[in-house]
Amino acid sequence: MNRGTRLLTASSLVVASTLVLPATPASAATLPVGARSLEAVSHPGRFLRHADFLGRLDAVTSASSAQVRSDATVTVVNGLASPSCYSLQAANGMFLRHRDLRVRLEANDGTPTFRGDATFCPADGSVTGSVSLVSFNYPDRRLRHKNFELWVESYQDTDRFRADSSFKVTAPWQPKTAKGPVMPGLFADPHITHLDGRFYLYPTTDGYASWSSPYYKAFSSTDLVNWTDHGVVLDHGPDVSWADNSAWAPAVVAKNGRYYLYFSGGAATGDTRKHLGVAVSDSPTGPFRDALGQPLVRAGTHPGQAIDPMVFTDDNGQSYLYWGNGAAHVVPLNADMVSFDPAAVRTITTPGFREASFVLKRNGTYYFMWSENDTRDENYRVAYATGPSPLGPWTARGVVLQKRLELGIKGTGHHSVVQVPGTDTWYAAYHRFAVPGGNGTNREVAVDRMTFNADGTIAPIVPTL
Ligand code: FUB
(Lines give C-alpha, C1' and ligand atoms only; values in the text may rest on other atoms or scores of the structure.)
Protein backbone atom coordinates (compact mmCIF):
# COMPACT_ATOMS: atom_id res chain seq x y z
CA MET A 1 0.00 0.00 0.00
CA ASN A 2 1.30 3.47 -0.76
CA ARG A 3 1.95 5.65 2.26
CA GLY A 4 -0.41 8.16 0.74
CA THR A 5 -3.21 5.65 0.56
CA ARG A 6 -2.94 4.32 4.07
CA LEU A 7 -5.71 5.05 6.48
CA LEU A 8 -3.20 5.89 9.19
CA THR A 9 -0.48 8.48 8.96
CA ALA A 10 2.95 7.44 7.74
CA SER A 11 4.36 7.90 11.22
CA SER A 12 2.25 5.02 12.40
CA LEU A 13 4.24 2.74 10.12
CA VAL A 14 7.60 3.47 11.62
CA VAL A 15 8.89 0.72 13.81
CA ALA A 16 12.01 0.88 15.93
CA SER A 17 15.07 1.99 14.04
CA THR A 18 17.56 1.21 16.81
CA LEU A 19 17.68 -0.87 19.93
CA VAL A 20 16.88 2.08 22.18
CA LEU A 21 13.23 1.03 22.28
CA PRO A 22 12.35 -1.17 25.24
CA ALA A 23 12.91 -4.80 24.40
CA THR A 24 9.75 -6.75 23.75
CA PRO A 25 9.69 -9.44 26.39
CA ALA A 26 8.90 -12.97 25.38
CA SER A 27 6.30 -14.50 27.62
CA ALA A 28 6.71 -17.98 28.96
CA ALA A 29 5.13 -19.66 25.99
CA THR A 30 4.98 -17.19 23.13
CA LEU A 31 7.18 -15.14 20.85
CA PRO A 32 6.03 -11.83 19.39
CA VAL A 33 5.63 -12.18 15.62
CA GLY A 34 7.17 -9.64 13.28
CA ALA A 35 10.69 -8.29 12.86
CA ARG A 36 12.85 -9.07 15.92
CA SER A 37 16.41 -9.64 17.05
CA LEU A 38 17.50 -12.28 19.57
CA GLU A 39 20.23 -11.40 22.06
CA ALA A 40 22.15 -14.14 23.87
CA VAL A 41 21.53 -14.25 27.60
CA SER A 42 25.05 -15.49 28.29
CA HIS A 43 26.69 -12.93 25.97
CA PRO A 44 24.87 -9.60 26.15
CA GLY A 45 25.58 -7.62 23.00
CA ARG A 46 25.85 -10.73 20.85
CA PHE A 47 22.88 -11.58 18.63
CA LEU A 48 21.63 -14.53 16.65
CA ARG A 49 22.55 -13.91 13.02
CA HIS A 50 23.41 -15.75 9.85
CA ALA A 51 26.64 -15.41 7.90
CA ASP A 52 27.47 -17.47 4.82
CA PHE A 53 24.15 -19.26 5.38
CA LEU A 54 25.17 -20.58 8.81
CA GLY A 55 23.70 -19.58 12.16
CA ARG A 56 26.10 -17.64 14.39
CA LEU A 57 26.22 -15.49 17.48
CA ASP A 58 27.96 -12.21 16.78
CA ALA A 59 28.41 -8.81 18.36
CA VAL A 60 26.12 -6.23 16.81
CA THR A 61 26.22 -2.54 17.59
CA SER A 62 24.80 0.59 16.03
CA ALA A 63 28.16 0.90 14.29
CA SER A 64 27.77 -2.49 12.61
CA SER A 65 27.26 -2.51 8.87
CA ALA A 66 23.75 -2.52 7.46
CA GLN A 67 24.37 -6.07 6.26
CA VAL A 68 25.32 -7.29 9.73
CA ARG A 69 22.30 -5.60 11.27
CA SER A 70 20.06 -7.11 8.62
CA ASP A 71 21.59 -10.56 9.17
CA ALA A 72 20.85 -10.14 12.88
CA THR A 73 17.16 -9.45 12.21
CA VAL A 74 14.57 -12.14 11.62
CA THR A 75 10.87 -12.05 11.00
CA VAL A 76 9.14 -14.28 13.53
CA VAL A 77 6.25 -16.01 11.74
CA ASN A 78 3.82 -18.76 12.59
CA GLY A 79 5.66 -22.09 12.56
CA LEU A 80 5.90 -23.81 9.19
CA ALA A 81 5.08 -27.07 10.95
CA SER A 82 2.73 -25.87 13.71
CA PRO A 83 0.78 -22.68 14.41
CA SER A 84 1.61 -22.86 18.10
CA CYS A 85 5.34 -22.66 17.37
CA TYR A 86 7.43 -20.26 15.29
CA SER A 87 9.76 -20.03 12.31
CA LEU A 88 12.45 -17.42 11.81
CA GLN A 89 12.63 -15.92 8.32
CA ALA A 90 15.54 -13.84 7.03
CA ALA A 91 15.29 -10.81 4.77
CA ASN A 92 16.01 -12.97 1.71
CA GLY A 93 12.95 -15.13 2.40
CA MET A 94 14.95 -18.14 3.62
CA PHE A 95 14.37 -19.76 7.01
CA LEU A 96 16.68 -20.70 9.86
CA ARG A 97 16.54 -24.47 10.15
CA HIS A 98 18.78 -27.15 11.58
CA ARG A 99 20.33 -29.83 9.44
CA ASP A 100 22.87 -32.29 10.83
CA LEU A 101 22.21 -30.39 14.07
CA ARG A 102 23.82 -27.20 12.72
CA VAL A 103 21.56 -24.16 12.28
CA ARG A 104 21.57 -22.96 8.68
CA LEU A 105 19.74 -20.52 6.43
CA GLU A 106 17.95 -22.36 3.64
CA ALA A 107 15.01 -21.94 1.28
CA ASN A 108 11.82 -23.75 2.25
CA ASP A 109 11.57 -26.83 0.03
CA GLY A 110 8.10 -27.53 1.42
CA THR A 111 8.94 -30.97 2.79
CA PRO A 112 7.71 -32.00 6.24
CA THR A 113 11.36 -32.44 7.27
CA PHE A 114 12.25 -28.89 6.30
CA ARG A 115 9.15 -27.43 7.94
CA GLY A 116 9.83 -29.28 11.17
CA ASP A 117 13.53 -28.43 11.15
CA ALA A 118 12.61 -24.78 10.60
CA THR A 119 10.06 -24.71 13.42
CA PHE A 120 10.91 -23.95 17.02
CA CYS A 121 8.59 -24.09 20.00
CA PRO A 122 9.06 -21.60 22.81
CA ALA A 123 10.00 -22.55 26.35
CA ASP A 124 10.97 -20.46 29.35
CA GLY A 125 14.50 -19.11 29.13
CA SER A 126 17.00 -19.08 31.98
CA VAL A 127 16.18 -15.51 33.05
CA THR A 128 12.93 -13.60 33.22
CA GLY A 129 11.89 -12.28 29.81
CA SER A 130 14.06 -14.72 27.87
CA VAL A 131 13.00 -17.59 25.69
CA SER A 132 14.47 -20.93 24.72
CA LEU A 133 13.74 -22.43 21.28
CA VAL A 134 12.91 -26.14 21.19
CA SER A 135 13.27 -28.06 17.92
CA PHE A 136 9.85 -29.13 16.61
CA ASN A 137 11.32 -32.29 15.05
CA TYR A 138 13.52 -33.12 18.06
CA PRO A 139 11.67 -31.95 21.18
CA ASP A 140 14.60 -32.94 23.41
CA ARG A 141 16.90 -30.52 21.54
CA ARG A 142 17.16 -26.77 21.86
CA LEU A 143 18.83 -24.08 19.82
CA ARG A 144 22.05 -23.05 21.59
CA HIS A 145 25.31 -21.32 20.78
CA LYS A 146 28.65 -23.01 21.21
CA ASN A 147 31.89 -21.27 20.23
CA PHE A 148 29.57 -18.63 18.73
CA GLU A 149 28.04 -21.14 16.33
CA LEU A 150 24.35 -22.10 16.50
CA TRP A 151 23.43 -25.75 16.97
CA VAL A 152 20.53 -27.77 18.27
CA GLU A 153 21.64 -29.90 21.20
CA SER A 154 19.95 -32.23 23.64
CA TYR A 155 18.72 -30.40 26.70
CA GLN A 156 21.16 -30.48 29.61
CA ASP A 157 20.07 -29.49 33.08
CA THR A 158 23.07 -27.26 33.69
CA ASP A 159 23.37 -23.52 34.23
CA ARG A 160 25.68 -23.32 31.22
CA PHE A 161 23.31 -25.04 28.81
CA ARG A 162 20.28 -23.13 30.04
CA ALA A 163 22.06 -19.80 29.59
CA ASP A 164 23.54 -20.68 26.19
CA SER A 165 20.11 -21.74 24.94
CA SER A 166 18.31 -18.60 26.15
CA PHE A 167 17.69 -15.41 24.20
CA LYS A 168 16.10 -12.07 24.88
CA VAL A 169 13.75 -10.97 22.11
CA THR A 170 14.47 -7.34 21.28
CA ALA A 171 13.41 -4.70 18.82
CA PRO A 172 14.86 -5.39 15.37
CA TRP A 173 18.30 -4.17 14.38
CA GLN A 174 17.09 -3.70 10.85
CA PRO A 175 14.64 -0.79 10.79
CA LYS A 176 11.32 -1.67 9.29
CA THR A 177 10.52 0.43 6.28
CA ALA A 178 7.29 0.83 4.40
CA LYS A 179 8.32 -2.35 2.57
CA GLY A 180 6.77 -5.61 3.51
CA PRO A 181 3.49 -7.47 3.54
CA VAL A 182 0.45 -6.39 5.51
CA MET A 183 0.93 -9.31 7.84
CA PRO A 184 4.19 -10.94 8.83
CA GLY A 185 4.34 -14.49 7.66
CA LEU A 186 3.20 -16.60 4.77
CA PHE A 187 -0.49 -16.28 3.90
CA ALA A 188 -2.49 -16.29 0.67
CA ASP A 189 -5.98 -16.05 -0.81
CA PRO A 190 -6.97 -13.23 1.57
CA HIS A 191 -10.66 -12.64 2.07
CA ILE A 192 -11.03 -9.11 3.38
CA THR A 193 -14.32 -7.85 4.79
CA HIS A 194 -15.74 -5.35 7.26
CA LEU A 195 -17.68 -6.75 10.21
CA ASP A 196 -18.92 -5.05 13.36
CA GLY A 197 -16.76 -1.95 12.93
CA ARG A 198 -13.48 -3.73 12.12
CA PHE A 199 -11.72 -4.97 9.01
CA TYR A 200 -11.14 -8.72 8.99
CA LEU A 201 -8.76 -10.81 6.92
CA TYR A 202 -9.24 -14.55 6.52
CA PRO A 203 -6.36 -16.08 4.52
CA THR A 204 -5.03 -19.48 3.54
CA THR A 205 -2.02 -20.32 5.73
CA ASP A 206 0.90 -20.72 3.35
CA GLY A 207 4.40 -22.21 3.44
CA TYR A 208 3.11 -25.78 3.10
CA ALA A 209 4.05 -28.10 0.22
CA SER A 210 1.08 -28.55 -2.13
CA TRP A 211 -0.82 -25.94 -0.07
CA SER A 212 -1.55 -28.67 2.50
CA SER A 213 -2.08 -26.46 5.57
CA PRO A 214 -4.96 -27.77 7.68
CA TYR A 215 -6.10 -24.56 9.43
CA TYR A 216 -7.29 -20.98 9.04
CA LYS A 217 -6.42 -17.96 11.15
CA ALA A 218 -8.33 -14.68 11.40
CA PHE A 219 -6.83 -11.19 11.62
CA SER A 220 -8.56 -7.90 12.34
CA SER A 221 -7.69 -4.22 12.08
CA THR A 222 -9.22 -0.79 12.39
CA ASP A 223 -6.78 0.85 9.96
CA LEU A 224 -5.72 -1.85 7.47
CA VAL A 225 -2.15 -1.38 8.70
CA ASN A 226 -1.96 -2.87 12.19
CA TRP A 227 -3.46 -6.35 12.36
CA THR A 228 -4.40 -8.40 15.41
CA ASP A 229 -3.86 -12.15 15.08
CA HIS A 230 -6.91 -13.95 16.50
CA GLY A 231 -5.32 -17.36 16.13
CA VAL A 232 -6.74 -20.48 14.53
CA VAL A 233 -10.51 -20.17 13.88
CA LEU A 234 -11.07 -23.49 12.08
CA ASP A 235 -8.80 -26.53 11.99
CA HIS A 236 -9.68 -29.30 9.56
CA GLY A 237 -8.09 -31.89 11.84
CA PRO A 238 -10.39 -31.70 14.85
CA ASP A 239 -13.18 -29.52 13.42
CA VAL A 240 -14.13 -31.01 10.02
CA SER A 241 -14.88 -34.73 9.77
CA TRP A 242 -14.58 -34.93 5.98
CA ALA A 243 -11.42 -32.81 5.48
CA ASP A 244 -7.92 -33.13 6.84
CA ASN A 245 -5.78 -30.82 4.73
CA SER A 246 -5.85 -28.20 1.96
CA ALA A 247 -7.56 -25.52 4.04
CA TRP A 248 -7.86 -23.14 1.11
CA ALA A 249 -9.28 -19.74 0.43
CA PRO A 250 -11.86 -19.05 3.14
CA ALA A 251 -14.59 -16.44 2.76
CA VAL A 252 -16.63 -15.10 5.67
CA VAL A 253 -20.03 -13.42 5.58
CA ALA A 254 -22.36 -12.19 8.34
CA LYS A 255 -26.03 -13.18 8.14
CA ASN A 256 -28.82 -14.09 10.51
CA GLY A 257 -26.77 -12.74 13.43
CA ARG A 258 -24.12 -15.36 12.77
CA TYR A 259 -20.91 -15.67 10.77
CA TYR A 260 -20.52 -18.21 7.97
CA LEU A 261 -17.08 -19.35 6.82
CA TYR A 262 -17.02 -21.04 3.40
CA PHE A 263 -13.91 -23.08 2.72
CA SER A 264 -12.48 -25.95 0.72
CA GLY A 265 -10.58 -28.98 1.88
CA GLY A 266 -9.43 -32.47 1.04
CA ALA A 267 -9.25 -35.71 2.94
CA ALA A 268 -6.07 -37.64 3.75
CA THR A 269 -7.31 -40.67 1.82
CA GLY A 270 -5.21 -40.49 -1.32
CA ASP A 271 -8.15 -38.88 -3.12
CA THR A 272 -6.74 -35.46 -3.94
CA ARG A 273 -10.09 -33.90 -4.88
CA LYS A 274 -11.31 -30.97 -2.82
CA HIS A 275 -14.82 -30.36 -1.57
CA LEU A 276 -16.39 -27.10 -0.49
CA GLY A 277 -17.84 -26.69 2.99
CA VAL A 278 -19.40 -24.15 5.31
CA ALA A 279 -18.76 -23.55 9.00
CA VAL A 280 -20.63 -21.25 11.37
CA SER A 281 -19.79 -19.22 14.46
CA ASP A 282 -21.35 -16.63 16.74
CA SER A 283 -18.22 -14.49 16.40
CA PRO A 284 -16.07 -13.35 13.46
CA THR A 285 -13.08 -14.68 15.39
CA GLY A 286 -14.61 -18.13 15.80
CA PRO A 287 -14.41 -20.81 16.80
CA PHE A 288 -16.19 -21.93 13.63
CA ARG A 289 -17.90 -25.31 13.53
CA ASP A 290 -18.70 -27.37 10.44
CA ALA A 291 -22.37 -26.56 9.81
CA LEU A 292 -23.32 -29.68 7.87
CA GLY A 293 -20.96 -32.51 8.82
CA GLN A 294 -20.53 -33.01 5.08
CA PRO A 295 -19.53 -30.85 2.09
CA LEU A 296 -21.87 -28.18 0.79
CA VAL A 297 -20.52 -28.79 -2.74
CA ARG A 298 -18.98 -32.20 -3.40
CA ALA A 299 -16.12 -32.57 -5.87
CA GLY A 300 -17.37 -33.69 -9.25
CA THR A 301 -20.92 -32.39 -8.99
CA HIS A 302 -20.04 -29.48 -11.30
CA PRO A 303 -17.23 -28.95 -13.83
CA GLY A 304 -13.87 -27.84 -12.42
CA GLN A 305 -12.65 -27.94 -8.82
CA ALA A 306 -14.96 -27.23 -5.88
CA ILE A 307 -12.70 -24.57 -4.36
CA ASP A 308 -12.43 -20.81 -3.83
CA PRO A 309 -15.90 -19.98 -2.45
CA MET A 310 -17.16 -16.42 -2.14
CA VAL A 311 -20.54 -15.08 -0.99
CA PHE A 312 -22.05 -11.82 -2.22
CA THR A 313 -25.22 -10.47 -0.59
CA ASP A 314 -27.29 -8.08 -2.69
CA ASP A 315 -29.12 -5.04 -1.31
CA ASN A 316 -32.37 -7.06 -1.12
CA GLY A 317 -30.72 -9.53 1.26
CA GLN A 318 -30.36 -12.37 -1.24
CA SER A 319 -26.97 -14.08 -0.92
CA TYR A 320 -25.21 -15.82 -3.79
CA LEU A 321 -22.47 -18.44 -3.57
CA TYR A 322 -19.72 -18.26 -6.20
CA TRP A 323 -16.95 -20.84 -6.51
CA GLY A 324 -14.74 -22.77 -8.89
CA ASN A 325 -11.39 -23.42 -10.50
CA GLY A 326 -11.38 -24.03 -14.24
CA ALA A 327 -15.08 -23.16 -14.34
CA ALA A 328 -16.95 -20.54 -12.33
CA HIS A 329 -20.35 -21.25 -10.81
CA VAL A 330 -22.99 -19.22 -9.00
CA VAL A 331 -26.14 -20.16 -7.14
CA PRO A 332 -28.56 -18.26 -4.86
CA LEU A 333 -28.19 -19.50 -1.30
CA ASN A 334 -31.23 -20.40 0.72
CA ALA A 335 -32.00 -18.22 3.74
CA ASP A 336 -30.21 -20.69 6.03
CA MET A 337 -26.94 -19.93 4.17
CA VAL A 338 -25.98 -23.60 4.21
CA SER A 339 -28.11 -24.99 1.37
CA PHE A 340 -29.22 -24.20 -2.17
CA ASP A 341 -31.25 -25.60 -5.04
CA PRO A 342 -28.82 -27.67 -7.16
CA ALA A 343 -30.98 -27.03 -10.20
CA ALA A 344 -30.33 -23.29 -9.84
CA VAL A 345 -26.54 -23.53 -10.29
CA ARG A 346 -25.32 -21.54 -13.29
CA THR A 347 -21.89 -21.57 -14.91
CA ILE A 348 -20.21 -18.26 -15.65
CA THR A 349 -18.13 -18.03 -18.80
CA THR A 350 -15.61 -15.22 -18.83
CA PRO A 351 -12.39 -15.34 -20.88
CA GLY A 352 -9.27 -16.35 -18.92
CA PHE A 353 -11.12 -17.42 -15.77
CA ARG A 354 -9.00 -19.70 -13.62
CA GLU A 355 -10.25 -19.31 -10.02
CA ALA A 356 -10.89 -16.94 -7.10
CA SER A 357 -14.27 -15.43 -8.00
CA PHE A 358 -15.13 -12.18 -6.23
CA VAL A 359 -18.25 -10.04 -6.66
CA LEU A 360 -19.02 -6.49 -5.55
CA LYS A 361 -21.67 -3.93 -6.38
CA ARG A 362 -21.15 -0.20 -6.90
CA ASN A 363 -23.64 2.37 -8.19
CA GLY A 364 -25.97 -0.37 -9.41
CA THR A 365 -23.29 -2.18 -11.42
CA TYR A 366 -22.14 -5.68 -10.47
CA TYR A 367 -18.43 -6.49 -10.80
CA PHE A 368 -17.39 -10.13 -11.26
CA MET A 369 -13.66 -10.50 -10.66
CA TRP A 370 -11.36 -13.52 -10.92
CA SER A 371 -7.74 -14.70 -11.13
CA GLU A 372 -6.00 -15.86 -14.28
CA ASN A 373 -3.11 -18.31 -14.81
CA ASP A 374 -1.62 -20.56 -12.14
CA THR A 375 -0.82 -19.26 -8.66
CA ARG A 376 2.74 -20.64 -9.15
CA ASP A 377 3.15 -18.50 -12.26
CA GLU A 378 4.54 -14.97 -11.87
CA ASN A 379 1.81 -13.97 -14.35
CA TYR A 380 -0.97 -14.89 -11.91
CA ARG A 381 -3.22 -11.82 -12.08
CA VAL A 382 -6.71 -10.40 -11.60
CA ALA A 383 -9.27 -9.54 -14.31
CA TYR A 384 -12.92 -8.53 -14.16
CA ALA A 385 -16.22 -8.12 -15.95
CA THR A 386 -19.30 -6.02 -15.28
CA GLY A 387 -22.97 -6.87 -15.47
CA PRO A 388 -26.50 -5.77 -14.56
CA SER A 389 -27.20 -8.52 -11.99
CA PRO A 390 -25.38 -10.97 -9.69
CA LEU A 391 -25.96 -13.58 -12.38
CA GLY A 392 -24.67 -11.45 -15.27
CA PRO A 393 -24.63 -11.40 -18.21
CA TRP A 394 -20.98 -10.36 -17.91
CA THR A 395 -18.97 -8.04 -20.14
CA ALA A 396 -15.21 -8.63 -19.81
CA ARG A 397 -13.23 -5.50 -18.92
CA GLY A 398 -9.65 -6.80 -18.79
CA VAL A 399 -6.81 -7.19 -16.31
CA VAL A 400 -6.65 -4.84 -13.30
CA LEU A 401 -3.86 -6.27 -11.12
CA GLN A 402 -0.63 -7.87 -12.26
CA LYS A 403 3.07 -8.33 -11.47
CA ARG A 404 5.43 -5.40 -11.10
CA LEU A 405 8.85 -6.83 -11.84
CA GLU A 406 10.79 -3.62 -11.26
CA LEU A 407 9.84 -4.01 -7.58
CA GLY A 408 10.20 -7.78 -7.53
CA ILE A 409 6.43 -8.23 -7.18
CA LYS A 410 5.19 -11.43 -8.83
CA GLY A 411 2.10 -13.60 -8.86
CA THR A 412 -0.41 -10.94 -7.73
CA GLY A 413 -3.79 -12.61 -7.46
CA HIS A 414 -6.56 -14.30 -5.52
CA HIS A 415 -7.79 -10.97 -4.31
CA SER A 416 -10.83 -9.66 -2.46
CA VAL A 417 -12.17 -6.13 -2.06
CA VAL A 418 -13.51 -4.15 0.88
CA GLN A 419 -15.34 -0.83 0.91
CA VAL A 420 -14.62 1.52 3.78
CA PRO A 421 -18.15 1.88 5.19
CA GLY A 422 -19.96 5.08 4.26
CA THR A 423 -17.35 6.07 1.66
CA ASP A 424 -16.43 5.38 -1.94
CA THR A 425 -12.98 4.22 -0.80
CA TRP A 426 -12.10 0.65 -1.71
CA TYR A 427 -9.12 -1.58 -0.96
CA ALA A 428 -8.05 -4.81 -2.63
CA ALA A 429 -6.29 -7.50 -0.59
CA TYR A 430 -4.34 -10.01 -2.64
CA HIS A 431 -1.38 -12.31 -2.38
CA ARG A 432 1.95 -12.25 -4.17
CA PHE A 433 5.09 -14.36 -4.05
CA ALA A 434 6.75 -13.44 -0.74
CA VAL A 435 9.27 -10.64 -1.38
CA PRO A 436 12.00 -11.66 -1.79
CA GLY A 437 12.45 -15.35 -2.47
CA GLY A 438 8.83 -16.52 -2.44
CA ASN A 439 6.98 -18.71 -4.88
CA GLY A 440 3.54 -20.25 -5.44
CA THR A 441 3.44 -21.90 -2.02
CA ASN A 442 5.34 -19.20 -0.14
CA ARG A 443 3.06 -16.22 -0.59
CA GLU A 444 2.26 -13.13 1.45
CA VAL A 445 -0.70 -10.78 1.73
CA ALA A 446 -0.69 -7.16 0.59
CA VAL A 447 -3.39 -4.47 0.49
CA ASP A 448 -3.57 -1.65 -2.04
CA ARG A 449 -6.10 0.99 -2.97
CA MET A 450 -8.65 0.21 -5.68
CA THR A 451 -10.22 3.15 -7.49
CA PHE A 452 -12.89 3.56 -10.13
CA ASN A 453 -12.75 5.69 -13.25
CA ALA A 454 -15.55 8.16 -14.00
CA ASP A 455 -17.15 5.63 -16.38
CA GLY A 456 -17.32 3.01 -13.64
CA THR A 457 -14.43 0.89 -14.91
CA ILE A 458 -11.77 -0.10 -12.40
CA ALA A 459 -8.44 1.71 -12.66
CA PRO A 460 -5.37 -0.56 -12.60
CA ILE A 461 -4.57 -1.55 -9.03
CA VAL A 462 -0.93 -0.63 -8.48
CA PRO A 463 0.85 -3.20 -6.31
CA THR A 464 3.27 -1.61 -3.85
CA LEU A 465 5.87 -2.91 -1.46
O1 FUB B 1 -4.01 -21.44 -1.83
C2 FUB B 1 -4.45 -22.60 -2.49
C3 FUB B 1 -4.99 -22.27 -3.86
O4 FUB B 1 -4.04 -21.52 -4.60
C5 FUB B 1 -6.23 -21.42 -3.89
O6 FUB B 1 -7.40 -22.12 -3.64
C7 FUB B 1 -6.16 -20.87 -5.26
O8 FUB B 1 -7.02 -19.79 -5.48
C9 FUB B 1 -4.70 -20.53 -5.38
O10 FUB B 1 -4.41 -19.28 -4.85
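Worth saying up front: this structure is predicted, and the values here are computed from it rather than measured.

Looking at the environment of Gln89
Point 1. Take Gln89: it is sitting in strand β5 (residues 86-89).
Point 2. Look at Gln89 and you get buried, because its relative accessible area is 10%.
Point 3. Taking the C-alpha atoms as reference points, Gln89 and Ser132, 43 residues apart in sequence, are found 17 Å from one another.
Point 4. The residues contacting Gln89, other than those within four sequence positions of it, are Val74, Thr75, Val77, Met94, Phe95 and Leu186.

Brief notes about the state of the cysteines
Point 1. For the structure on display, the rule yields one disulfide.
Point 2. Covalently, Cys85 is tied to Cys121 through a disulfide, its sulfur atoms 2.0 Å apart. Negative torsions about the S-S bond denote left-handed disulfides, and the value of about 90° found for Cys85 with Cys121 makes this one right-handed. Here Cys121 lies in strand β8 (residues 120-124) and Cys85 lies in the loop between β4 (74-78) and β5, a separation of 36 residues in the sequence. Neither residue differs from the other here; Cys85 and Cys121 are each classed as buried.

Focus on the sheet that holds strand β20 (residues 289-290)
Point 1. As summarised here, the arrangement of the four strands in space is β17-β18-β19-β20, forming an open sheet in which the pairing is antiparallel. Two strands in the sheet have a free side with no partner beyond their single neighbour: β17 (245-255) and β20.

Quick word on the pattern of salt bridges
Point 1. By the definition in use, this model includes 27 salt bridges.
Point 2. Here Arg144 makes a salt bridge to Asp164, at a shortest N to O gap of 2.9 Å. Here Asp164 lies in helix α3 (residues 159-164) and Arg144 lies in strand β10 (residues 141-146), a separation of 20 residues in the sequence.
Point 3. Residue classification places Arg144 among the buried positions, given a relative accessible area of 7%.
Point 4. Overall, the relative accessible area of 3% leaves Asp164 in the buried class.
Point 5. Across the pair Asp424 and Arg362 runs a salt bridge whose closest N-O atoms are separated by 2.8 Å. One end of the pair, Asp424, is in the loop between β29 (413-419) and β30 (426-433); the other, Arg362, is in strand β25 (residues 355-362), and 62 residues separate them in sequence.
Point 6. Look at Arg362 and you get buried, because its relative accessible area is 13%.
Point 7. Sharing partners across several salt bridges, the network here consists of Arg46, Arg49, Arg56, Asp58 and Asp71.

About the criteria used
- Residues numbered from 1 in each chain as written.
- Predicted model: local features only at pLDDT ≥ 70, side-chain atom pairs only at ≥ 80, totals over all residues.
- Heavy atoms only, no water.
- Helix = DSSP H or I, 4+ residues; strand = E, 2+ residues; numbered from the N terminus.
- Buried < 20%, exposed > 50% of the residue type's maximum accessible area, 1.4 Å probe, protein only.
- Contact = heavy atoms within 4.5 Å.
- Disulfide = S-S within 2.5 Å.
- Pairing = 2+ DSSP bridges.
- Salt bridge = Lys/Arg side-chain N within 4 Å of Asp/Glu carboxyl O.

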